[in-house]
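These are the residues of each chain, in order.
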Amino acid sequence: VHLQASGGGEVQVGGSLRLSCAASGLSSSDWTMGWFRQAPGKEREFVSTIRWRDGLTITADSVKGRFTISRDRNKNTVFLQMNSLKPEDTALYYCALGRRLIMSSMRSKTSYTDWGQGTQVTVSS
């Protein structure tokens, strides 16, 4: 499996960005695609995730109402629309894929086996 993340950049406070993650080499539909982020000196943290077969989503409280995850099933691509960006959203954003995840495990980074290369998001004030 190969995950290619894109869409990062630098924006001002209150701005928007849309991240994309294209997956290739998938052999089934029982997988979950998540976004995580890691700021310098901090642990990688969960942002949002979507279960491919039914579109179930989970989003971290810190970004709920501002970030929206979605998918394009035809293109095996997941998107993260980020609005009302804040300086604390500055981080390296990673997409990740997990297989046959149960709901209780979908927020945990250790549940995901394949990771993209990361795309930098910088929010300046």
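Scroll up to find the structure this text is about.
Notes on the structure follow. All figures in this text were calculated on a predicted structure; none of them were measured in a lab.

Moving on: the sheet that holds strand S7 (residues 67-72). The strand order across the open sheet formed by 4 strands is S1-S3-S8-S7, and the pairing between neighbours is antiparallel. Looking along the sheet, the strands with just one partner apiece sit at the ends: strand S1 (2-6) and S7. Ignoring which end each strand starts from, the neighbouring axes of this sheet average 15 degrees apart. Across 5 bridges, S1 lies against strand S3 (residues 17-24) in antiparallel orientation. Its bridge partner being in S3, Ala5 is matched across the sheet by Cys21.

Glancing now at the packing of aromatic side chains. Tallied over the entire structure, the rule returns 6 aromatic pairs. Consider the rings of Phe36 and Phe46, whose centres lie 5.7 Å apart with planes at 70 degrees: the pair is edge-to-face. Placement of Phe36 in strand S4 (residues 31-38) and of Phe46 in strand S5 (residues 45-51) is noted, with a sequence separation of 10 residues between them. Take Phe36 and Phe46: they sit in the same class, and that class is buried. Taken together, Phe36, Phe46, Tyr94, Tyr112 and Trp115 form an aromatic cluster joined through their ring pairs. When the ring centre of Tyr94 is taken as reference, the NZ or CZ atom of Arg44 above it lies at 3.8 Å.

To continue, consider the environment of Met33. Within the fold, Met33 resides in strand S4. In this structure, the C-alpha to C-alpha distance between Met33 and Cys95, residues 62 residues apart in sequence, is 6.9 Å. With residues near it in sequence (within four places) discarded, Met33 still touches Leu3, Cys21, Ala23, Ser48, Thr49, Ile50, Ile69, Val78, Ala96, Leu97 and Tyr112.

A word on the nonpolar core. Note on soluble globular proteins: their nonpolar side chains tend to be buried together. Of all hydrophobic cores here, the largest spans 35 residues; its most connected members are Met33, Trp35, Phe67, Leu80, Met82 and Tyr93. Residue assignment for this core shows that the elements contributing at least two residues are S1, S3, S4, S5, S7, strand S8 (77-82), strand S9 (91-99) and strand S11 (119-124). Here this core takes 5 residues from S9, the largest share from any one element.

Throughout the structure, instances matching the rule amount to 1 disulfide. Covalently, Cys21 is tied to Cys95 through a disulfide, its sulfur atoms 2.1 Å apart. Judged by the sign of its S-S torsion, about 60 degrees, the cystine formed by Cys21 and Cys95 is right-handed. Taken together, the residues Cys21 in strand S3 and Cys95 in strand S9 connect sequence positions 74 residues apart. Residue classification places Cys95 among the buried positions, given a relative accessible area of 0%.

Procedures and definitions
- Residues numbered from 1 in each chain as written.
- Predicted model: local features only at pLDDT ≥ 70, side-chain atom pairs only at ≥ 80, totals over all residues.
- Heavy atoms only, no water.
- Pairing = 2+ DSSP bridges.
- Helix = DSSP H or I, 4+ residues; strand = E, 2+ residues; numbered from the N terminus.
- Axes fitted to C-alpha atoms, helices over the stretch in contact; angles between N-to-C directions.
- Phe/Tyr/Trp six-rings, centres within 6.5 Å; stacked < 30°, edge-to-face > 60°.
- Buried < 20%, exposed > 50% of the residue type's maximum accessible area, 1.4 Å probe, protein only.
- Lys NZ or Arg CZ within 6 Å of the ring centre and 35° of its normal.
- Contact = heavy atoms within 4.5 Å.
- Core = buried A, V, L, I, M, F, W, Y, C linked by side-chain atoms within 4.5 Å.
- Disulfide = S-S within 2.5 Å.

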